[in-house]
Amino acid sequence: MSRIVILLFTVSLFAQTAMAKDIRQQRVDNAAKTAIKIIDKALTRNSPMQETLLQMRQSFGDIQWLPHGQNFPHCLKKPGIRAFVTNGTSTIHLCATLFDEDWDQDSMAQILLHESAHVAGIHDECLTTKYEIGALKLAKKSISFKSDYWKTCHITNKFDPFQVVGTTEP
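As a starting point, this report considers the structure included with it. (Residues numbered from 1 in each chain as written. Predicted model: local features only at pLDDT ≥ 70, side-chain atom pairs only at ≥ 80, totals over all residues. Heavy atoms only, no water.)

### Brief notes about the sheet that holds strand β1 (residues 63–64)
Turning to step 1, where the next piece is worked out: In spatial order, the strands read β1-β3-β2; together these three strands make up an open sheet with mixed pairing. Edge positions in the open sheet fall to β1 and β2 (83–84), since each of these has one partner strand only.
Turning to step 2, where the next piece is worked out: Relative to strand β3 (residues 92–94), β2 runs antiparallel, the two sharing two bridges. Bridge pairing links Phe84 to His93 in β3.
Turning to step 3, where the next piece is worked out: Across the sheet, helix α4 (residues 105–119) touches β1, β2 and β3, and the angle it forms with β3 is around 145°. (Pairing = 2+ DSSP bridges. Helix = DSSP H or I, 4+ residues; strand = E, 2+ residues; numbered from the N terminus. Contact = heavy atoms within 4.5 Å. Axes fitted to C-alpha atoms, helices over the stretch in contact; angles between N-to-C directions.)

### A word on the environment of Thr91
Turning to step 1, where the next piece is worked out: As for its placement among the helices and strands, Thr91 is situated in the loop between β2 and β3.
Turning to step 2, where the next piece is worked out: The exposure class assigned to Thr91 is buried, which follows from its relative accessible area of 12%.
Turning to step 3, where the next piece is worked out: Between the alpha carbons of Thr91 and Gly61 there is a distance of 8.2 Å; along the sequence they are 30 residues apart.
Turning to step 4, where the next piece is worked out: Here Asp62 takes part through its side chain, which lies 2.5 Å from a polar atom of the side chain of Thr91. (Buried < 20%, exposed > 50% of the residue type's maximum accessible area, 1.4 Å probe, protein only. Polar contact = N/O pair within 3.5 Å; in protein donor to acceptor, adjacent residues only side chain to side chain.)

### A closer look at the nonpolar core
Turning to step 1, where the next piece is worked out: If you look at the biggest cluster of nonpolar residues, it comprises 42 residues, and the most contacted ones within it are Leu53, Met56, Ile63, Leu94, Leu112 and Tyr131.
Turning to step 2, where the next piece is worked out: Residue assignment for this core shows that the elements contributing at least two residues are α1 (2–43), α2 (50–57), β3, α3 (96–100), α4 and α5 (125–138).
Turning to step 3, where the next piece is worked out: Those residues within four positions of Leu112 in sequence are excluded, and the remaining contacts are Val28, Ala31, Ala32, Ala35, Phe60, Ile63, Ile92 and Leu94.
Turning to step 4, where the next piece is worked out: Core analysis: the next-biggest nonpolar cluster, separate from the first, contains five residues, Phe72, Cys75, Ile81 and Phe84 among them. (Core = buried A, V, L, I, M, F, W, Y, C linked by side-chain atoms within 4.5 Å.)

### Concerning unusual backbone geometry
Turning to step 1, where the next piece is worked out: One non-glycine residue with positive phi stands out, namely Asn46, at about 50°.
Turning to step 2, where the next piece is worked out: For Asn46, the location among the structural elements is in the loop between α1 and α2.
Turning to step 3, where the next piece is worked out: Asn46 sits in the exposed class, given a relative accessible area of 62%.
Turning to step 4, where the next piece is worked out: Positive phi outside glycine occurs at His154, with the angle close to 60°.
Turning to step 5, where the next piece is worked out: With respect to the helices and strands, His154 occurs in the segment after α6 (148–152).

Rendered as structure tokens:
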């Protein structure tokens, strides 16, 4: 009898882990699709952001996160890190907090837009945030949340994506 209980417990544990991974995969896939649609719509506006938007669009092929219950060391460096890109790579890493905090699809898409600007070669957080917001504004989508960068970078709701100054860095 105890073997059956242990077997059922083990099967249940693996099923829950697999289901959690599938739910996270589905959430990431949906957020990435939303972000790509935003970029596609933004690209129709012929803004100064065109070249970077095209590079941002290409960045959604390599999004990674660790199994449930694990995290990247970089995610633990300071509170509030939900995703990151390491300079010189094209991988968007998602932190466990992104899933634990239960961000909605539009907010996750906005986070992915921000990280895709890093993949496109923009390392300055203020300029990256402007590309994130610029893509949303050009696509005529609402901004899901205002990150701490808004205050730090003196970004207001009047930000005009046609005035983005700055390019990708070598």
